[in-house]
Amino acid sequence: MHIPLFSTITLIAEIIISCIVFYTFYRSYMHNKFPTPLVAFALLYEITFNISYMATRVSANTEKIEIPWHIVLAASHGILSLIMFISLIIFMLLAWKNYRKGINYFKQHKYITIIFLIFWSISIISGILLYFVEYFT
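Residues numbered from 1 in each chain as written. Predicted model: local features only at pLDDT ≥ 70, side-chain atom pairs only at ≥ 80, totals over all residues. Heavy atoms only, no water.

Digging into the confidence of the model for the protein
Across the protein, the average pLDDT comes to 90, with 93% of residues at 70 or higher. Considering each helix and strand of the protein separately, the mean pLDDT is smallest for helix H2 (residues 36-61), with a value of 82, and largest for helix H4 (residues 105-108), with 98. (pLDDT = per-residue confidence, 0-100. Helix = DSSP H or I, 4+ residues; strand = E, 2+ residues; numbered from the N terminus.)

A short note on the side chain of Thr-113
Looking at the secondary structure, you find Thr-113 in helix H5 (residues 110-136). Those residues in contact with Thr-113 that lie beyond four places of it in its chain are Phe-25, Phe-91 and Phe-106. (Contact = heavy atoms within 4.5 Å.)

A few points about unusual backbone geometry
Even without a glycine there, the phi angle at Asn-32 is positive, about 55 degrees. Structurally, the position occupied by Asn-32 is in the loop between helix H1 (5-31) and H2. By relative accessible area, which is 34% here, Asn-32 ends up partly exposed. (Buried < 20%, exposed > 50% of the residue type's maximum accessible area, 1.4 Å probe, protein only.)

A look at the packing of aromatic side chains
Taken as a whole and assessed by the stated rule, the structure comprises 15 aromatic pairs. Between Phe-25 and Phe-91, the ring centres sit 5.7 Å apart and the planes meet at 40 degrees, which makes this aromatic pair tilted. Placement of Phe-25 in helix H1 and of Phe-91 in helix H3 (residues 68-100) is noted, with a sequence separation of 66 residues between them. In this structure an aromatic cluster arises from ring pairing among Phe-25, Phe-34, Phe-91, Tyr-99, Tyr-105, Phe-106, Phe-116 and Trp-120. (Phe/Tyr/Trp six-rings, centres within 6.5 Å; stacked < 30°, edge-to-face > 60°.)

Quick notes on the environment of Ser-87
Along the chain, the position of Ser-87 falls in helix H3. Residue Ser-87 is classed as partly exposed on the basis of its relative accessible area of 25%. For the pair Ser-87 and Trp-120, spaced 33 residues apart in sequence, the C-alpha separation works out to 9.4 Å.

Some thoughts on H5
Spanning 27 residues, H5 covers 38 Å between terminal C-alpha atoms, matching the ideal 39 Å at 1.5 Å per step. Within H5, burial applies to Thr-113, Phe-116, Trp-120, Ser-123, Ile-124, Ser-126, Gly-127, Leu-130, Tyr-131, Val-133, Glu-134 and Tyr-135. (Expected span 1.5 Å × (residues − 1).)

So, the environment of Ile-125
Looking at the element boundaries, Ile-125 is found in helix H5. Look at Ile-125 and you get exposed, because its relative accessible area is 56%. Residues Ile-125 and Ile-15, spaced 110 residues apart in sequence, show a C-alpha to C-alpha distance of 9.6 Å.

Describing the packing of H1 against H3
Two numbers describe how H1 lies on H3: the axes approach to 13 Å, and their chain directions differ by 25 degrees. The angle between the axes of H1 and H3 places the two elements in the roughly parallel class. The two elements H1 and H3 cross, and the hand of that crossing is left-handed. Facing Val-21, Thr-24, Phe-25, Ser-28 and Tyr-29 of H1, the residues of H3 in contact are Leu-88, Phe-91, Met-92 and Tyr-99. (Axes fitted to C-alpha atoms, helices over the stretch in contact; angles between N-to-C directions. Parallel < 35°, antiparallel > 145°, perpendicular 65-115°, else oblique. Left-handed = near helix turned anticlockwise from the far one by under 90°.)

Dropping the structure here:
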């Protein structure tokens, strides 16, 4: 069994980034304070490293013949992660603009916030599951 170091580092980093994302929602919603430096770091990581990692994984896995549900898991995770990546950028930019004006954006858009957090969680959990399916089965 060979587990690529890059995949393990990316998994750990993505969990840390997710903690930053959840902290951002908590702090912003509860205390009306948007942590701009943390959000900028999370977005920079997502843009710079996570997207390039996912692109390399797609090309590395296209030649493998896998169990059908592995393919479904990988494809679902990839599509959802891309949607969530784009949503994260848009959502954080809108939130940043509103919090600068003193508007509690996440509280004002409570249902969209909840929906985003649910799908973000599914994306992260599916990525963790994919890691273990890929390297431990």
